[in-house]
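Structure assessment
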Amino acid sequence: MTDLAAAIADVTARFSGVVSVSRGEAVEFEQAYGLADRAHGVPNTVDTQFGIASATKGFTALVIAALIDNGGLEMSASARSLLGADLPLIDDRVTVEQLLTHTSGIGDYVDEDVVEDDDYVLTVPVHTLGETDGYVAALDGFAQKFAPGERFSYCNGGYVVLALLAERAAGTPFRDLVAERVWRRAGMTDTAFLRMDDLPGRAALGYLPDGRTNVLHLPVRGSGDGGAFSTVADFRSFWVALFAGRILDSAHVAEIVRPYVDVQAEGLRYGLGFWLAEDGPEIRLVGGDAGVSFISSHDPTTGRT
């Protein structure tokens, strides 16, 4: 780890966060840098809770898989079967599988093909997005981009729709489903959908390039497409638990992390909520948003995270 420490030392002046390398539960390198709260001079620590943005999508996919396993949902089920009259611009043929693989073609409320930087604003007040059902207004009004199943197009809104479907199929709030079906089983005690306007003392603030915090740019509480907060220790536990079969059995895990789509523009493949290396066994959860940058990469053959 000497070379890694030296490389990181070269960028600490412009890096704020935590770097961690582990094998299973054994930590090989771990170091915190920069400030969690610039105004009050609070430093980051290895226990700091960071926003993980779109890495949350992996948790959403696991919840959907658990509901399918229990018979509460099917991969071939149409989104319309649970949406009813909500979001009428979503094509009636869109399925759960297409939403999971970003091939649904639905219009996106945060379209990364259009958004050029992290200084965007949502079309509804962010304080109204505290519950998943409250996202319906934010998701509405975006026309279908292409026919369902035609091609891959990364879609944040599709994963909020999945959260809505999970909530309605199970009759349980989405964040409770994630806590019960994923975080509790993985021993992720410091992972939660925290409110952006009421962050606890161990949570890092996110900062835009001009130094402002991101509180006006992100939903006040995350949902299926992003917004969870976590720690490096919890992600060590997550990967170990996932491949030990404590979240889902090994057959269902294999289905989630097998390639469904080649994403040539990224040099990657996509499973269900997880990015996969083009060659080799590496699996990634990645998140980038206003004031947030996160990546966790895991090799199940060596146990290295």
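Values in this document were obtained by computation on a predicted structure and should not be read as measured data. (Residues numbered from 1 in each chain as written. Predicted model: local features only at pLDDT ≥ 70, side-chain atom pairs only at ≥ 80, totals over all residues. Heavy atoms only, no water.)

1. Looking at the overall build of the protein chain
- Regarding its fold elements, the protein chain presents nine helices and eleven strands.
- Against the compact-globule benchmark of 19 Å for 305 residues, the protein chain has a radius of gyration of 19 Å, which places it among compact chains.
- With respect to the principal axes defined by its C-alpha atoms, the protein chain has extents near 55 × 40 × 35 Å.
- Per-residue burial for the protein chain yields a buried fraction of 51% across its 305 residues.
- For the protein chain, contacts bridging at least 24 residues in sequence account for 67% of all contacts bridging at least 6.
- By element, 50% of the accessible surface of the protein chain is carried by carbon and sulfur atoms, the whole surface being about 13400 Å².
- Seen as two clouds, the 23 positive and the 43 negative side-chain charges of the protein chain have centres 3 Å apart. (Helix = DSSP H or I, 4+ residues; strand = E, 2+ residues; numbered from the N terminus. Rg over C-alpha atoms; globule rule 2.2 N^0.38 Å. Buried < 20%, exposed > 50% of the residue type's maximum accessible area, 1.4 Å probe, protein only. Contact = heavy atoms within 4.5 Å. Areas by Shrake-Rupley, 256 points an atom, 1.4 Å probe, with all protein chains shown as cover. Lys, Arg positive; Asp, Glu negative; His and termini not counted. Charge placed at Lys NZ, Arg CZ, Asp CG, Glu CD.)

2. Brief notes about the sheet that holds strand β8 (residues 268-270)
- Pairing within the open sheet is antiparallel, and its five strands lie in the order β7-β8-β9-β10-β11. For this open sheet the edge positions go to β7 (261-263) and β11 (292-298), each flanked by a neighbour on one side alone. On average, each strand axis in the sheet is inclined to that of its neighbour by 30°, with strand direction left out of account.
- Pairing of strand β9 (residues 275-277) with strand β10 (residues 283-289), which is carried by two bridges, proceeds in the antiparallel orientation. Looking at the pairing, L276 lines up with I283 of β10. (Pairing = 2+ DSSP bridges. Axes fitted to C-alpha atoms, helices over the stretch in contact; angles between N-to-C directions.)

3. A short note on the packing of aromatic side chains
- Tallied over the entire structure, the rule returns 15 aromatic pairs.
- A centroid spacing of 6.4 Å and a plane angle of 75° characterise the contact between Y109 and Y135, whose relative ring orientation is edge-to-face. Taken together, the positions of Y109 in the loop between α4 (96-100) and α5 (136-139) and Y135 in the loop between α4 and α5 put the pair 26 residues apart, joining distant regions of the chain.
- Take Y109: its relative accessible area is 11%, and that puts it in the buried class.
- Seen in terms of ring centroids, F174 and F193 are 6.1 Å apart; in terms of plane orientation they differ by 50°. Their pairing is tilted. With F174 in helix α7 (residues 174-186) and F193 in the loop between α7 and β6 (229-230), this residue pair connects regions lying 19 residues apart in the sequence. With respect to class, F174 is no different from F193; both count as buried.
- Counting every residue linked through ring pairs, the aromatic cluster contains F59, F174, W183, F193, F235, F238, W239, F274 and F294. (Phe/Tyr/Trp six-rings, centres within 6.5 Å; stacked < 30°, edge-to-face > 60°.)

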